[in-house]
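A look at the structure
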Amino acid sequence: MTKLLLNLEVARLAADDYVGFTFFVGCMAMMAASAFFFLSMSSFDKKWRTSILVSGLITFIAAVHYWYMRDYWASFGESPVFFRYVDWVLTVPLMCVEFYLILKVAGAKKSLMWRLIFLSVVMLVTGYLGEAVDRDNAWFWGLISGLAYFVIVYDIWFGQAKKLAVAAGGDVLAAHKTLCWFVLVGWAIYPIGYMAGTPGWYEPFFGGFNLDIVYNIGDAINKIGFGLVVYNLAVLASKKSEA
Ligand SMILES: *C/C=C(C)/C=C/C=C(C)/C=C/C1=C(C)CCCC1(C)C
């Protein structure tokens, strides 16, 4: 009996623990979004189901990591850097897969997907090196990471992905454009968190922010928002094929 009670012990969350609060709410939001995406899957045309599945997987993987990160923060009062990057290294490549999936109608090749995945992994691994391994040179790793990010932005806004989106036209083009804005503006939230949480010349500008709060807000906007754009595209496209 005592053992059972011990296992059920819950870490206390102080009323002014805003970091803990955003981990908690983030976890709930990711769970709710996953349920929403998974349960809606069967109402779509077969060709859209994989895209919705991937939207759900992105928020589900995040929900599991947020579960751990919430706990980690509550137990140690430290930033869960490791879980954070494991989460990202799984979910960001899946976002690259989403680009490929929606552009498949226009003949997107797997090489486009792998290129985006490769760039996103470079972006994240170098970010991890700066945040966790070689903090003294965080600015340098952040710069390399930023370059990879820049190439991703360029690729989807002006490169091959853009050409495919134009070729697809209609709802796919519109959805692609919205996703491009997510990557340009929504993803730009992360370097701000990074600069807030690592030492460097940028400290006077971003030192006032909290790395985890910034990352948590970024994740909620990007993972759920991104998924909803794809959901909306599937709704529009399925309607048209019914008519
Ligand atoms: C769901 C998680 C997402 C969409 C995470 C995205 C993360 C980034 C775009 C991170 C970018 C970074 C830089 C551009 C420079 C500094 C290091 C990073 C890794 C924070």
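Presented here is an overview of the structure given in this document. Treat the numbers as computed from the prediction; the structure is a model and nothing was measured.

Criteria and cut-off values
Residues numbered from 1 in each chain as written. Predicted model: local features only at pLDDT ≥ 70, side-chain atom pairs only at ≥ 80, totals over all residues. Heavy atoms only, no water. Helix = DSSP H or I, 4+ residues; strand = E, 2+ residues; numbered from the N terminus. Near = heavy atom within 4 Å. Areas by Shrake-Rupley, 256 points an atom, 1.4 Å probe, with all protein chains shown as cover. Nonpolar A, V, L, I, M, F, W, Y, C, P; charged D, E, K, R; others polar. Core = buried A, V, L, I, M, F, W, Y, C linked by side-chain atoms within 4.5 Å. Buried < 20%, exposed > 50% of the residue type's maximum accessible area, 1.4 Å probe, protein only. Contact = heavy atoms within 4.5 Å. Axes fitted to C-alpha atoms, helices over the stretch in contact; angles between N-to-C directions. Parallel < 35°, antiparallel > 145°, perpendicular 65-115°, else oblique. Left-handed = near helix turned anticlockwise from the far one by under 90°. Phe/Tyr/Trp six-rings, centres within 6.5 Å; stacked < 30°, edge-to-face > 60°. Lys NZ or Arg CZ within 6 Å of the ring centre and 35° of its normal. Salt bridge = Lys/Arg side-chain N within 4 Å of Asp/Glu carboxyl O.

**Focus on the environment of Gly 200**
- When you line up the elements, Gly 200 lands in the loop between helix H9 (189-197) and helix H10 (203-206).
- A sequence separation of 67 residues divides Gly 200 from Val 133, and the C-alpha atoms of the two residues are 15 Å apart.

**Quick word on the environment of Gly 107**
- Among the secondary structure elements, Gly 107 is positioned in the loop between helix H4 (81-103) and helix H5 (110-133).
- Remark: the alpha-carbon pair of Gly 107 and Ala 174, spanning 67 residues in sequence, is separated by 17 Å.

**Quick word on the site of the ligand**
- Surrounding the ligand, one finds 17 residues, the nearest of these being Val 92, Met 123, Ser 145, Tyr 190 and Lys 223.
- Here the ligand, which alone exposes 520 Å², has 99% of that area covered by the protein.
- Mapped by element, the contributors of at least two residues to the shell around the ligand are H4, H5, helix H6 (138-158), H9 and helix H11 (211-242).
- At five residues, H4 tops the list of elements feeding residues into the shell around the ligand.
- The residue makeup of the shell around the ligand, split by class, is eleven nonpolar, four polar and two charged.

**Some details on the nonpolar core**
- Formed by 69 residues in total, the largest nonpolar core has its most connected members in Trp 48, Leu 103, Met 123, Ile 156, Val 183 and Trp 187.
- Considering every element that reaches this core, the biggest residue donor is H4, with 13 residues.
- Residues contacting Ile 156, with those up to four places away along its chain left out, are Phe 99, Leu 116, Ala 161, Lys 162, His 176, Cys 180 and Val 183.

**Section: the packing of H6 against helix H7 (residues 160-168)**
- Here H6 crosses H7 at 25 degrees, and the two axes come no closer than 4 Å. The pairing of H6 with H7 is recorded here as roughly parallel in orientation. In this structure, the crossing between H6 and H7 has a hand that is right-handed. Counting all contacts with H6, which are made through Asp 155, Ile 156, Trp 157 and Phe 158, the residues of H7 involved are Gln 160, Ala 161, Lys 162 and Lys 163.
- Taken together, the residues of the contact of H6 with H7 sort by class into four nonpolar, one polar and three charged.

**Some remarks on the packing of aromatic side chains**
- Summed over the entire model, instances satisfying the criterion amount to 23 aromatic pairs.
- The interplanar angle of 75 degrees and the centroid separation of 6.1 Å between the aromatic rings of Tyr 72 and Phe 83 together place this pair among those described as edge-to-face. Here Tyr 72, found in helix H3 (residues 46-76), pairs with Phe 83, found in helix H4; they are eleven residues apart in sequence, far enough to count as distant.
- Geometrically, the ring pair formed by Tyr 154 and Phe 158 is tilted, given 5.5 Å between the ring centres and 45 degrees between the ring planes. One end of the pair is Tyr 154 and the other is Phe 158, both in helix H6 and four residues apart, which spans about a single turn.
- The positively charged end of Arg 70 is found above the aromatic ring belonging to Trp 67, 4.3 Å away from the centroid.

**So, H9**
- Among the residues making up H9, those that are buried are Ile 189, Tyr 190, Gly 193, Tyr 194, Met 195 and Ala 196.
- Those residues of H9 hidden inside the fold are in contact with H4, H5, H6, helix H8 (170-186), H10 and H11.

**Re the pattern of salt bridges**
- Counted according to the given criterion, the structure contains five salt bridges.
- One salt bridge in this structure joins Arg 84 and Asp 212, with 2.7 Å as the shortest N-O distance. Of the two residues, Arg 84 is situated in helix H4 and Asp 212 in helix H11; the sequence distance between them amounts to 128 residues. Like Arg 84, the residue Asp 212 is buried in the burial classification.
- Linking Asp 219 and Lys 223 is a salt bridge whose minimum nitrogen-to-oxygen distance equals 3.2 Å. Taken together, the residues span about one helical turn, with Asp 219 and Lys 223 both in helix H11 at a distance of four residues.

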